[in-house]
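Remarks on the overall topology
What follows is each chain in one-letter form.
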Amino acid sequence: IWPDVEAFAAPNLGAAEKWVPYHTVLGVHELFLVQHVHSQKAWNEKDRFKAMFIFRAHCKRDLFNKAQLPIMLDKAFWK
């Protein structure tokens, strides 16, 4: 199967491109994390990881958005 994968990926690789598999978002929880955590410019990489970990503990979007995210948007939370 590896030759098929290489044949699929090769045309998408340019000089500065990094090939990313098309299946990075498989479900609603991954989509939520991409839209609401990965895109947070106020957080550094470590804070985004912690926020993903917190969300993954329960995977409840409403709970995260209404109760946890407002607290996490305060810089004092991360200290």
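As shown above, the structure is provided for reference.
Residues numbered from 1 in each chain as written. Predicted model: local features only at pLDDT ≥ 70, side-chain atom pairs only at ≥ 80, totals over all residues. Heavy atoms only, no water.

Turning our eyes to something else, we now look at the overall build of the protein chain. Helix and strand counts for the protein chain come out as four helices and zero strands. In the protein chain, of all internal contacts separated by at least 6 residues, the share reaching a separation of at least 24 is 38%. Summed over its atoms, the accessible surface of the protein chain is roughly 6,300 Å², and 62% of this surface lies on carbon and sulfur atoms. (Helix = DSSP H or I, 4+ residues; strand = E, 2+ residues; numbered from the N terminus. Contact = heavy atoms within 4.5 Å. Areas by Shrake-Rupley, 256 points an atom, 1.4 Å probe, with all protein chains shown as cover.)

Bringing the nonpolar core into the picture now. The biggest cluster of nonpolar side chains holds eleven residues, and these are F32, L33, V37, W43, A51, M52, F55, F64, L69, M72 and W78. For this core, the elements supplying multiple residues, two or more each, are α2 (28-36), α3 (45-56) and α4 (61-72). Once residues lying within four places of it in the same chain are set aside, the contact partners of W43 are V37, R48, A51, L69, M72, L73 and W78. (Core = buried A, V, L, I, M, F, W, Y, C linked by side-chain atoms within 4.5 Å. Buried < 20%, exposed > 50% of the residue type's maximum accessible area, 1.4 Å probe, protein only.)

Further remarks concern the pattern of salt bridges. By the definition in use, this model includes one salt bridge. One salt bridge in this structure joins E30 and R56, with 3.3 Å as the shortest N-O distance. One end of the pair, E30, is in helix α2; the other, R56, is in helix α3, with 26 residues separating them in the sequence. (Salt bridge = Lys/Arg side-chain N within 4 Å of Asp/Glu carboxyl O.)

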